[in-house]
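Spelled out, the chains give:
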Amino acid sequence: METLLIILSILIIILVLLQSGKSEGASEILSGNADLFKERKERGSELVISRLTMVLGLAFFVICLVLSF
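Residues numbered from 1 in each chain as written. Predicted model: local features only at pLDDT ≥ 70, side-chain atom pairs only at ≥ 80, totals over all residues. Heavy atoms only, no water.

A. Summary view of helix α1 (residues 2–18). For α1, spanning 17 residues, the distance from its first C-alpha to its last is 25 Å, which sits close to the expected 24 Å at 1.5 Å a residue. If you check which residues of α1 are buried, you get Leu5, Leu8, Ile12 and Leu15. Viewed along the axis of α1, the buried residues span an arc of 90 degrees, placing them on a single side of the element. Turned more than 90 degrees from where α1 packs its buried face, Glu2, Thr3, Ile6, Ile13, Leu17 and Leu18 sit exposed. On the buried face of α1, the contacting elements are α3 (45–68). (Helix = DSSP H or I, 4+ residues; strand = E, 2+ residues; numbered from the N terminus. Expected span 1.5 Å × (residues − 1). Buried < 20%, exposed > 50% of the residue type's maximum accessible area, 1.4 Å probe, protein only. Arc of directions from axis to C-beta. Contact = heavy atoms within 4.5 Å.)

Below is the structure:
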């Protein structure tokens, strides 16, 4: 189980790093020009990566719960 947890951790890190940023830039955020909560549709590979990250995150959570009891 611990080996599976380590593999899931590495996969989640890789998938999070592959995701594109949601905001344009730090200067726009600090100046107030960026709309942080605008609706963005995910399509194609971005949608697949996002959903895969969610599934692996849930699997990580469940495995951690199982190992704690």
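Next comes the rest of the write-up.
B. Structural detail: α3. For α3, spanning 24 residues, the distance from its first C-alpha to its last is 34 Å, which sits close to the expected 34 Å at 1.5 Å a residue. The complete set of buried residues in α3 reads Ile49, Thr53, Leu56 and Ile63. Those residues of α3 that are buried lie in contact with α1.

C. Structural view of the packing of α1 against α3. Relative to each other, α1 and α3 sit at 150 degrees, their axes nearing to 9 Å. Judged by the angle between their axes, α1 and α3 are roughly antiparallel. For the element pair α1 and α3, the recorded crossing hand is left-handed. Across the interface between the two elements, Glu2, Leu4, Leu5, Leu8, Ser9, Leu11, Ile12, Leu15, Val16 and Leu18 from α1 touch Ile49, Leu52, Thr53, Leu56, Gly57, Ala59, Phe60, Ile63, Cys64 and Leu67 from α3. A breakdown of the residues in the contact of α1 with α3 according to their chemical character gives 16 nonpolar, three polar and one charged. (Axes fitted to C-alpha atoms, helices over the stretch in contact; angles between N-to-C directions. Parallel < 35°, antiparallel > 145°, perpendicular 65-115°, else oblique. Left-handed = near helix turned anticlockwise from the far one by under 90°. Nonpolar A, V, L, I, M, F, W, Y, C, P; charged D, E, K, R; others polar.)

D. Here's a closer look at the environment of Thr53. On the accessibility criterion, Thr53 (14% relative accessible area) is buried. Put simply, Thr53 and Ile12 are 41 residues apart on the chain and 6.1 Å apart in space, counted from C-alpha to C-alpha. Once residues within four sequence positions are removed from consideration, Thr53 is found in contact with Leu15, Val16 and Gln19. A distance of 3.1 Å separates polar atoms of two side chains, one belonging to Thr53 and the other to Gln19. (Polar contact = N/O pair within 3.5 Å; in protein donor to acceptor, adjacent residues only side chain to side chain.)

E. Summary view of the nonpolar core. Counting residues in each nonpolar core, the largest one holds seven residues, listed as Leu5, Leu8, Ile12, Leu15, Ile49, Leu56 and Ile63. Ranked by the residues each element gives to this core, the list is headed by α1, at four residues. With sequence-adjacent residues up to four places away left out, Leu56 is seen in contact with Leu8, Leu11, Ile12 and Leu15. (Core = buried A, V, L, I, M, F, W, Y, C linked by side-chain atoms within 4.5 Å.)

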